[in-house]
Amino acid sequence: MILFLTSSPTGSLDGSRRVDGLDEKNCFVENLRKYWKKDARCLMITAAPREYDRNDEMTDFFCEAVGKAGLTLRAFDLWDARTEDVSGAVLHSYDVVFLGGGHVPTQNQFFAQISLREKMREFSGIVIGISAGTMNSADTVYAQPELPGESADPAYIRFLPGLGLTETMILPHYQMVKDNELDGKRLYEDITYGDSYGRKFLVLPDGSYLLREDGQETVWGEAYEISDGILRKICEDGHKKIWTSA
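Basis of the calculations
- Numbering of residues starts from 1 in each chain and follows the order in which that chain's sequence is written.
- Per-residue local features of the predicted model are confined to residues with pLDDT of at least 70, and side-chain atom pairs are confined, for both listing and counting, to 80 or more; whole-chain, interface and lining totals are unaffected and use all residues.
- Think of the side-chain values as coming from all heavy atoms in the structure, minus any hydrogens and water.
- For the purposes of this entry, the term helix denotes a DSSP run of H or I that reaches at least four residues, the term strand denotes a run of E that reaches at least two, and both are numbered from the N terminus.
- Here a residue-residue contact requires only that any non-hydrogen atoms of the pair lie within 4.5 Å.
- Expected span of a helix: the number of residues minus one, times 1.5 Å.
- Throughout, exposure labels follow a simple rule: accessible area from a 1.4 Å probe, protein chains only, divided by the maximum for the residue type, with under 20% read as buried, over 50% as exposed, and the rest as partly exposed.
- Our arc is simply the arc of the directions from the helix axis toward the C-beta atoms.
- Here a pair means two rings of Phe, Tyr or Trp (six-membered ring of Trp) with centres within 6.5 Å. Their orientation is stacked below 30 degrees between planes, edge-to-face above 60, and tilted elsewhere.
- For two strands to be treated as a pair, DSSP must find no fewer than two bridges joining them.
- A cavity, in this analysis, means grid points on a 1 Å lattice covering only the protein atoms where a 1.4 Å probe fits yet has no way out; a pocket is instead an open set bounded by protein on both sides within 12 Å along at least five of seven lines, and a residue lines either one if it has an atom within 4 Å of a point.
- Grid points are joined across faces, edges and corners, and a volume is the space filled by probe spheres set on the points.

Caption draft 1: Representation of the environment of Gly 229 in the model. Tracing the backbone shows Gly 229 in the loop between β14 (223-227) and β15 (230-235). Taking the C-alpha atoms as reference points, Gly 229 and Tyr 193, separated by 36 residues in sequence, lie 4.3 Å from one another. Beyond its immediate stretch of four places on either side in the chain, Gly 229 contacts Tyr 193, Ser 196 and Tyr 197.

Spelled out as structure tokens, the structure:
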């Protein structure tokens, strides 16, 4: 299995850098092309299983983005609540699995409902995580509070079982959310830093990603580490760095 765990594979969500198709920044398309099979069969697994119009639009958008990058396709299917249960054997017939973006706990619940962790075992193709999909790829997922009320709710569970594709807990869209406030608190300084004690988070702005190949993980592009309440920059745009989650 080859993992491309991205913040956003199609450019900055805040509109600060326009991209037409897949983002070529930090060699993303170049690296993806090394593993992409001719006429690949792709599957998008959603983060919002019942938002059908949104899911159709997202699947069409990524199908078009892949084509613009010159990567050939034979199929680009969607798995949401309309889909009959997909067996492990059928899942493994795909060459590329996209894990869509959205609300992390909602997607996490859907992944558990469809037993995706078990079905992804021994998958030998490419997995492309997008935002929430990247976060839910971890063995233990840090579901950083996002919606109003979540950080103040004692019943909100911040650490969830994920797909187990990596040990790395990733936080996306750093350039867009780093100054956000939630429930009267600073998202990072007052919430996330405190959750990092005894743990390590990899923080990625849009345009950066984690590539896992042959069991080794490499950060490509600007990236930060948060551990024990301290944020430090570990990589610059245009550079790469070996990453260990321990």
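Caption draft 2: Main features of helix α2 (residues 52-68). A rise of 1.5 Å per residue sets the reference length of α2, with its 17 residues, at 24 Å; its end C-alpha atoms lie 24 Å apart and thus fit the reference within 8%. Burial in α2 covers these residues: Asn 55, Met 58, Thr 59, Phe 62, Ala 65 and Val 66. Buried residues in α2, looked at end-on, bunch into an arc of 130 degrees, giving them a common side. Of the exposed residues in α2, those oriented more than 90 degrees away from the buried face are Asp 53, Glu 57 and Asp 60. Residues of α2 that are buried make contact with β2 (40-45), β3 (73-79), β4 (96-99) and β5 (126-130). Once α2 finishes, Gly 70 follows within two positions and takes phi at roughly 80 degrees, a positive value.

Caption draft 3: Quick look at the packing of aromatic side chains. This model, assessed by the stated rule, comprises 11 aromatic pairs. Summarising the aromatic geometry, the rings of Tyr 142 and Phe 201 are spaced 4.5 Å apart at their centres and angled 5 degrees between planes, so their arrangement reads as stacked. Of this pair, Tyr 142 sits in strand β6 (residues 140-142) while Phe 201 sits in strand β11 (residues 200-203), and the two are 59 residues apart along the sequence. Here the two residues Tyr 142 and Phe 201 agree in accessibility, since each one is buried.

Caption draft 4: View of the pairing of strand β1 (residues 2-6). Here β1 lies mainly inside the structure; five of its five residues are buried. Of the two faces of β1, the one holding Ile 2, Phe 4 and Thr 6 and the one holding Leu 3 and Leu 5 are both buried throughout. When β1 meets β5, the two strands line up parallel, connected through five bridges. Pairing of Ile 2 across the sheet is with Ile 126, part of β5. For β1 and strand β12 (residues 209-213), the ladder comprises four bridges, and the chain directions are antiparallel. Its bridge partner lying in β12, Leu 5 is registered against Leu 210.

Caption draft 5: Geometry of the layout of surface pockets. There is about 720 Å³ of room inside the largest pocket. Considering the residues around the largest pocket, the lining is formed by 34 residues, among which Leu 13, Gly 102, Ser 131, His 173 and Met 176 are closest to the centre. Contributions of two or more residues to the lining of the largest pocket are made by α2, α6 (132-135), α7 (174-177) and β9 (181-182). When residues of the lining of the largest pocket are assigned to their parent elements, the largest contribution, five residues, is made by α2.

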